[in-house]
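The chain contents come next:
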Amino acid sequence: GRKVFETMARKKSCLSFNPDVTTKEELLTTVREVGAECCMIKTHMDVVRDFDDELVKELQKLSEELDFVIFEDRKFADIGNTAKLQYDHGHHRIAEWSHVTNA
């Protein structure tokens with residue numbers, strides 16, 4: 001939470017953006033276009049067909065360069081332990097790269 005508020009204060013904005021795309025290229029292109037204007041980029045990595053570790057690395061790099069927080073909009077809907085396992089150890093390893101995740 002603190003990183004979100006610090007970014008908002010630094011950028012004097014509360015703008016967030018959801019690219020809502022299904023390929024790595026579309027996601028990265030869109031983030032490069034709008035990231036500098038946003039405090040937060042909201043992703044849905046489970047719909048990115050060609051998701052891989054390179055996408056995560058590039059998104060993290062852009063987050064640092066363009067000064068935005070990554071919010072993985074996951075909406076976990078399982079029991080506590082299963083949701084924790086999905087967050088920590090699932091295919092997307094969300095805990096390794098997302099600054100914010102909802103449950």
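Here the structure is a predicted model, which means the values were calculated and not measured.

Within the protein, the secondary structure is distributed over four helices and four strands. The burial tally for the protein puts 37% of its 103 residues in the buried class. Partitioning the intrachain contacts of the protein with sequence separation of at least 6 by distance along the chain shows that 73% fall at a separation of at least 24. Roughly 6,200 Å² of accessible area belongs to the protein as shown, and the carbon and sulfur atoms make up 51% of that amount.

Attention now goes to the nonpolar core. Membership of the largest hydrophobic core comes to 17 residues, with the highest contact counts inside it found for Val-31, Met-45, Leu-55 and Phe-68. When residues of this core are traced back to their parent elements, those giving at least two are helix 2 (24-34) and helix 3 (53-66). Among the elements that line this core, the one with the most residues is helix 3, at four residues. Once residues lying within four places of it in the same chain are set aside, the contact partners of Phe-68 are Thr-7, Val-31, Gly-35, Cys-38, Cys-39, Met-40, Ile-41, Leu-59, Leu-62, Ser-63 and His-99.

This brings us to helix 2. Every buried residue belonging to helix 2 is among Leu-27, Leu-28, Thr-30 and Val-31, and all of these are buried. Taken around the axis of helix 2, the buried residues stretch over an arc of 165°, which confines them to a single face. Turned more than 90 degrees from where helix 2 packs its buried face, Glu-25 and Glu-33 sit exposed.

It is worth spelling out the pairing of strand 3 (residues 69-72) at this point. Neither face of strand 3 is exposed, since Val-69 and Phe-71 on one face and Ile-70 and Glu-72 on the opposite face are all buried. Here strand 2 (residues 40-43) pairs with strand 3 via four bridges, running parallel. Looking at the pairing, Ile-41 lines up with Ile-70 of strand 3. Taken together, strand 2, helix 3 and strand 3 form a β-α-β motif whose crossover is right-handed. Pairing of strand 3 with strand 4 (residues 100-101) involves two bridges; the strand directions are parallel. When the sheet's bridge partners are listed, Phe-71 is paired in strand 4 with Val-100.

Before going further, it helps to spend a moment on the packing of helix 2 against helix 3. Direction vectors running N to C along helix 2 and helix 3 enclose 5°, while the axes themselves pass 11 Å from each other. Taken as axis vectors, helix 2 and helix 3 run roughly parallel relative to one another. Contacts between helix 2 and helix 3 involve Lys-24, Leu-27, Leu-28, Val-31 and Arg-32 from the first element and Glu-54, Leu-55, Glu-58, Leu-59, Leu-62 and Leu-66 from the second. Taken together, the residues that form the contact of helix 2 with helix 3 break down as seven nonpolar, no polar and four charged.

Position of Val-69 among the secondary structure elements: in strand 3. Dropping the residues within four chain positions of it, Val-69 is found in contact with Lys-3, Val-4, Thr-7, Cys-39, Met-40, Ile-41, His-99 and Val-100.

Reading the values: the criteria
Counting from 1, residues in each chain are numbered in the order their sequence is written. Whole-chain, interface and lining totals are the exception, using all residues; otherwise, since this is a predicted model, local features are given only for residues with pLDDT of at least 70 and side-chain atom pairs are given and counted only at 80 or more. Hydrogens and water molecules were not included; the side-chain quantities draw on all heavy atoms of the structure. Under the DSSP-based scheme used, a helix requires at least four consecutive residues in state H or I and a strand at least two consecutive residues in state E, with every element numbered from the N terminus. A 1.4 Å probe rolled over the protein chains alone gives each residue an accessible area, and that area as a share of the maximum for its type sets the label: buried under 20%, exposed over 50%, partly exposed in between. When checking whether two residues touch, look at their non-hydrogen atoms; a contact exists if any pair is within 4.5 Å. Each accessible area is a Shrake-Rupley result for a 1.4 Å probe, and residues are judged covered by the shown protein chains and nothing else. The criterion is simple. A nonpolar core is a set of buried Ala, Val, Leu, Ile, Met, Phe, Trp, Tyr and Cys residues joined through side-chain atoms within 4.5 Å. Taken from the helix axis, the directions to the C-beta atoms give the arc we talk about. Only when DSSP finds a minimum of two bridges between them are two strands counted as paired. Crossover handedness is defined by viewing with both strands directed away from the observer: a clockwise path from the first strand over the helix to the second marks the crossover as right-handed. Axis angles are defined between N-to-C directions and span 0 to 180 degrees, where every axis is a line fitted to C-alpha atoms and, for a helix, only to the segment in contact. Under this scheme an angle from 65 to 115 degrees is roughly perpendicular, one under 35 degrees roughly parallel, and one over 145 degrees roughly antiparallel; angles in between are oblique. Each residue is assigned to one of three groups, with Ala, Val, Leu, Ile, Met, Phe, Trp, Tyr, Cys and Pro labelled nonpolar, Asp, Glu, Lys and Arg labelled charged, and all others, Gly among them, labelled polar.

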